[in-house]
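Letter by letter, the chains look like this.
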Amino acid sequence: RIKAPTDTAVFHRFVLDNRLRVILVSDPKLNKSAAALAVGVGSLSDPKSRQGLAHFLEHMLFLGTAKYPDVSDYGNYLQTNGGYSNAYTAGDHTNYHFEIRHEALEGALDRFSQFFIAPLFTPEFTAREINAVNSENQKNLENDMWREYQLRSSFYRPGHPANHFSTGNRDTLGGTTQEELLGFYRSHYSAN
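Note that the structure is a prediction, hence the values are computed from the model and not measured. (Residues numbered from 1 in each chain as written. Predicted model: local features only at pLDDT ≥ 70, side-chain atom pairs only at ≥ 80, totals over all residues. Heavy atoms only, no water.)

Enquirer: With reference to specific residues and values, describe the packing of aromatic side chains.
Expert: Scanning the entire structure with this criterion turns up 16 aromatic pairs. Measuring from ring centre to ring centre gives 5.2 Å for Tyr-185 and Tyr-189, while their planes differ by 25°; the resulting arrangement is stacked. In terms of burial, Tyr-185 and Tyr-189 fall into one category: buried. A network of ring pairs unites the aromatic residues Phe-62, Tyr-74, Tyr-96, Phe-98, Phe-112, Phe-115, Phe-116, Phe-121, Tyr-185 and Tyr-189 as a single cluster. Sitting over the ring of Tyr-77, Arg-111 keeps its end group 4.0 Å from the ring centre. (Phe/Tyr/Trp six-rings, centres within 6.5 Å; stacked < 30°, edge-to-face > 60°. Buried < 20%, exposed > 50% of the residue type's maximum accessible area, 1.4 Å probe, protein only. Lys NZ or Arg CZ within 6 Å of the ring centre and 35° of its normal.)

What follows is the structure, given as structure tokens:
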């Protein structure tokens, strides 16, 4: 990598034993710490009968883990420490990310990592998050970028993974069971 003379960032790249690829960046000029994790599965992997499942799973991961079962713990921890988080589901990957003040990074990483170690997928939150996904879809109906995306998707031949409905809504996700969600998670959320 070619660095500019004013670039004070230091990069370390390595691969863990479980084949998780890691990039660490340290820059004394930055006023916050951050982390992101990209999972190599997105909406193109949705089962035909569950369009939007990858996006729904993204939502459900934020709602409690075995170590931090309180559904608000992660968000509250970030908020009280000047942090922020978000996620998105693309066709071929899902990305989770957050930022927080430096002193609170370790606690945030512990909470964040639990999404990928022991999520709860508590059934009582299923309907709520299906409604959240449905609301996103309703909002997207008025957005020209999303309209163009859905129109483009419809031009792929039937049966092609790109001919799908990536966001999901109440119709495509209604009746999703904890077992379906866990099955999708176990199939795709693994470093190897």
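That shown, we press on.
Enquirer: Explain the nonpolar core to me, and be specific about the residues and the numbers.
Expert: One finds Leu-61, Tyr-96 and Tyr-189 to be the most contacted residues of the largest nonpolar core, which totals 33 residues. At the level of elements, strand E3 (33–39), helix H1 (53–60), helix H2 (73–80), strand E5 (94–100), helix H3 (105–114), helix H4 (126–140) and helix H7 (178–188) are the ones that each hand at least two residues to this core. Ranked by the residues each element gives to this core, the list is headed by H1, at 5 residues. (Core = buried A, V, L, I, M, F, W, Y, C linked by side-chain atoms within 4.5 Å. Helix = DSSP H or I, 4+ residues; strand = E, 2+ residues; numbered from the N terminus.)

Enquirer: Account for unusual backbone geometry, with residues named and values stated.
Expert: At Arg-19, a position not held by glycine, the phi torsion is positive, near 75°. Checked against the element boundaries, Arg-19 lands in the loop between strand E1 (10–15) and strand E2 (21–26). You can call Arg-19 exposed: its relative accessible area is 53%. Although it is not a glycine, Phe-121 adopts a positive phi angle of roughly 50°. With respect to the element layout, Phe-121 can be found in the loop between H3 and H4.

Enquirer: Residue-level account of the packing of H2 against H3, with values.
Expert: Relative to each other, H2 and H3 sit at 160°, their axes nearing to 10 Å. It follows that H2 is roughly antiparallel to H3 by the angle criterion. The handedness of the crossing between H2 and H3 comes out as left-handed. Along the contact surface, H2 presents Asp-73, Tyr-74, Tyr-77 and Leu-78, while H3 presents Gly-107, Ala-108, Arg-111 and Phe-112. Grouping the constituent residues of the contact of H2 with H3 by class yields 5 nonpolar, 1 polar and 2 charged. (Axes fitted to C-alpha atoms, helices over the stretch in contact; angles between N-to-C directions. Parallel < 35°, antiparallel > 145°, perpendicular 65-115°, else oblique. Left-handed = near helix turned anticlockwise from the far one by under 90°. Contact = heavy atoms within 4.5 Å. Nonpolar A, V, L, I, M, F, W, Y, C, P; charged D, E, K, R; others polar.)

Enquirer: Quick rundown of the sheet that holds E3? Include the residues and the values.
Expert: On the basis of which strands lie adjacent, the open sheet formed by 3 strands has the order E3-E5-E4 and antiparallel pairing. Whereas interior strands pair on both sides, the edge strands pair on one side only; in this sheet they are E3 and strand E4 (84–89). Each adjacent strand pair in this sheet contributes to an overall mean axis angle of 10°, direction not counted. Here E3 runs beside E5; their pairing, made up of 7 bridges, is antiparallel. When the bridges of E5 are listed, Ala-36 appears paired with His-97. (Pairing = 2+ DSSP bridges.)

Enquirer: Pulling in residues and values, what's your account of the pattern of salt bridges?
Expert: Within this structure, the stated rule accounts for 9 salt bridges. In this structure, Arg-111 and Asp-73 form a salt bridge, with 2.7 Å as the shortest nitrogen-oxygen distance. Of this pair, Arg-111 sits in helix H3 while Asp-73 sits in helix H2; the two residues are 38 residues apart in sequence, bridging distant segments of the chain. Its relative accessible area of 21% is what places Asp-73 among the partly exposed residues. Residues Glu-129 and Arg-128 are paired through a salt bridge, measuring 3.1 Å at the closest nitrogen-oxygen approach. Of the residues examined, Glu-129 reaches a relative accessible area of 8% and is grouped as buried. Take Arg-128: its relative accessible area is 41%, and that puts it in the partly exposed class. What emerges from the salt-bridge pattern is a single network uniting Glu-142, Asp-144 and Arg-147. (Salt bridge = Lys/Arg side-chain N within 4 Å of Asp/Glu carboxyl O.)

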